[in-house]
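Residue-level structural notes
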Amino acid sequence: MNIKTQIITAALLSFGITTSASAITIGMFDTGPTGRADSNMDIVTSGGLVTPGDGADTWVSLNVSTFNSMSTAALLSSYDTLVLPWRVSNTLNADWNSVLLPYLNGGGNILWEDPSNIGDISGASSGLTLTSGSIYGAVGENDISLVAPFGDDDASGYYHIHYSIVEASSDWSVWSTDINGRTHGVYREFDNGGRMVLGVSDNLYHPDFSDAGQADHYALTVNELNWLNTGSVTGIPTPVDVPEPASLALLALGLAGLGFSRKKRVV
């Protein structure tokens, strides 16, 4: 790093200026019956919708055998976020203590809609009690209530519940409830900024994100992935801190140094 870059970097850091979120790579399981998950994720990641303003977000195909063979370090270096839509093979090794929790505590993120492997994440160590069972069709349709940070409007359209959240510990926060007030989705933040969102219906599987009638599902998925990868549903960077006098002095010194170096080159 040359002296000019060092001066600029020091000056910007003294102001507490942050840059926009960097582009992310999503590893999504797509080797099972994933419905529209592939095309929907294409729409979501195009134009940098996961980290707004960046424009370079991508998703890559992830299969069970590859996942099962990877170490925590390899998962963290390859995927910022893991997405499990309906319905991942039950040969997946998604053990909470040995696989998912280390990934989450390492700063990785998970969006989970998979009913096939709930046995791996249901138990005292995760703070989740999950049970299988499906409710299809119009039961409760148009009556999913969303709460902050994911939204505050009813979610219309498909309402296919493929498993149920019987109980969630206080470590988890509720982001949606169904027509009967039962928990429909939870979210949680872990060490080093790792985050997980879990929903019991197949938001990525059935809806067609290119259809205006399914705009609520599209918006919800964008909000979920925004929060997972930026800590905000908008992806807006942390506000700039007001500089203190000492910071102003450092910036002035940096600018003076730039002027001096430019004068030397002219001479």
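Our structure's up above, just so we're on the same page.
All values derive from a computational prediction rather than experimental measurement.

The rules behind these values
Residues numbered from 1 in each chain as written. Predicted model: local features only at pLDDT ≥ 70, side-chain atom pairs only at ≥ 80, totals over all residues. Heavy atoms only, no water. Helix = DSSP H or I, 4+ residues; strand = E, 2+ residues; numbered from the N terminus. Buried < 20%, exposed > 50% of the residue type's maximum accessible area, 1.4 Å probe, protein only. Pairing = 2+ DSSP bridges. Right-handed = clockwise from strand over helix to strand, strands pointing away. 1 Å grid on protein atoms, 1.4 Å probe; cavity = no way out; pocket = protein on both sides within 12 Å on 5 of 7 lines; lining within 4 Å. Points joined across faces, edges and corners; volume = space filled by probe spheres on them.

1. Some remarks on unusual backbone geometry
Omega for the bond connecting Trp86 with Arg87 falls within 30 degrees of zero, at 10°, which places this linkage in the cis form. Among the secondary structure elements, Arg87 is positioned in the loop between strand E3 (81-84) and helix H5 (96-105).

2. Let's talk about the pairing of E3
With burial as the criterion, each face of E3 is covered, one bearing Thr81 and Val83 and the other bearing Leu82 and Leu84. Bridge count for strand E1 (residues 25-29) against E3 is three bridges, and the pairing is parallel. Within E3, the position partnered with Met28 by the bridge is Val83. Looking at chain direction, E3 and strand E4 (residues 109-112) are connected through four bridges and run parallel. If you follow Thr81 over to E4, its bridge partner there is Asn109. The handedness of the E3 to E4 crossover, carried by H5, is right-handed.

3. A word on empty space enclosed by the protein
Unfilled space is identified by rolling a water-sized probe across the atoms. According to the stated counting rule, one finds two cavities of 30 Å³ or more in the structure shown. Its volume calculated, the largest cavity comes out at about 110 Å³. Along its surface, the largest cavity is lined by 15 residues, and Trp175, His184, Ser201, Asn203 and Leu220 are the ones closest to its centre. Of all the elements in the fold, those that place two or more residues in the lining of the largest cavity are E4, strand E6 (144-146) and helix H7 (215-230). The element that contributes the greatest number of residues to the lining of the largest cavity is H7, accounting for four residues.

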